Amino acid sequence: MNSFSQFPTNSSQPTSQVTSLHRQRLEKLWAPTTSPTAAQAPTSQPDITAWFKQVGTWLLNSITNSQQLRIWTKITPDGLQWHAYDPASGHKFSAQSEEELRIWLETRHQRG
């Protein structure tokens, strides 16, 4: 039995029209409906998505556009490793001790 047989059709209609009618009826069945709560939502509330985008853009710009020295640590199989990056000069540094990092920082300022 044809799955479209449940839809009444006029047998005098051309096959293409019948197919089109079946397609339209099926599309109506599958069309998304809006929930009553979404339709009643007040439009005066701020768009939270736009706010998060603005905050994210600001945060990204603050982190990536900064010319401040960046220092971080990383745990490796050999122990704690110290890293530094100076965006102003493009210099990178890594060491096994905090003391080595301090020496690099001091010489960096003496050169500049």
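All of these numbers come straight from a predicted model, not from anything done at the bench.

Caption draft 1: Spotlight on the overall build of the protein. Along its length, the protein carries four helices and three strands. Considering the protein as a whole, with its 112 residues, one finds that 15% of them fall into the buried category. For the protein, restricting intrachain contacts to residue pairs at least 6 apart in sequence, the fraction spanning at least 24 positions comes to 7%. For the protein, the exposed area adds up to about 9700 Å²; of that, 57% sits on carbon and sulfur atoms.

Caption draft 2: Examining the pairing of strand β3 (residues 91-95) more closely. Direction of pairing for strand β2 (residues 79-86) relative to β3: antiparallel, over a ladder of five bridges. Residue pairing across strands places H83 opposite S94, the latter belonging to β3. Here β2 folds back onto β3, and the loop between the two strands holds four residues, one of which, G90, carries a positive phi near 85°.

Caption draft 3: Region of interest: the pairing of strand β1 (residues 70-76). As paired strands, β1 and β2 are joined by seven bridges and run antiparallel to one another. Pairing of K74 across the sheet is with Q81, part of β2.

Caption draft 4: Fine view of a nonpolar patch on the surface. Nonpolar side chains collect at one region of the surface, where I48, W51, F52 and V55 lie side by side and expose about 410 Å² of accessible area between them. Along the chain, F52 falls in helix α3 (residues 48-64).

Caption draft 5: Examining the sheet that holds β2 more closely. A sheet is described by the order of its strands in space; here three strands give the open sequence β1-β2-β3, paired in antiparallel fashion. Because the sheet does not close on itself, it has two edges, and the strands there are β1 and β3. Strand-to-strand, the axes of this sheet are offset by a mean angle of 20°, without reference to chain direction.

Caption draft 6: Looking closely at the nonpolar core. Counting residues in hydrophobic clusters, the biggest one holds seven residues: W82, A84, F93, A95, L101, W104 and L105. Where this core is concerned, the elements lending two or more residues are β2, β3 and α4 (98-111).

Caption draft 7: Highlighting the packing of aromatic side chains. If you walk through the whole model with that rule in mind, you get two aromatic pairs. Ring geometry for W51 versus F52: centroids 5.0 Å apart, planes at 75°, classification edge-to-face. Judged by relative accessible area, W51 falls into the partly exposed class, the value being 46%. Relative accessible area serves as the criterion here: at 52%, F52 is assigned to the exposed category. Judged by centre distance (5.0 Å) and plane angle (15°), the rings of F93 and W104 are stacked. With a gap of eleven residues between them, F93 in strand β3 and W104 in helix α4 connect regions that are remote in the sequence. On the accessibility criterion, W104 (11% relative accessible area) is buried.

Basis of the calculations
Residues numbered from 1 in each chain as written. Predicted model: local features only at pLDDT ≥ 70, side-chain atom pairs only at ≥ 80, totals over all residues. Heavy atoms only, no water. Helix = DSSP H or I, 4+ residues; strand = E, 2+ residues; numbered from the N terminus. Buried < 20%, exposed > 50% of the residue type's maximum accessible area, 1.4 Å probe, protein only. Contact = heavy atoms within 4.5 Å. Areas by Shrake-Rupley, 256 points an atom, 1.4 Å probe, with all protein chains shown as cover. Pairing = 2+ DSSP bridges. Patch = residues over 30% accessible without salt bridge, like charges linked within 9 Å, V, L, I, M, F, W, Y side chains within 5 Å. Salt bridge = Lys/Arg side-chain N within 4 Å of Asp/Glu carboxyl O. Axes fitted to C-alpha atoms, helices over the stretch in contact; angles between N-to-C directions. Core = buried A, V, L, I, M, F, W, Y, C linked by side-chain atoms within 4.5 Å. Phe/Tyr/Trp six-rings, centres within 6.5 Å; stacked < 30°, edge-to-face > 60°.

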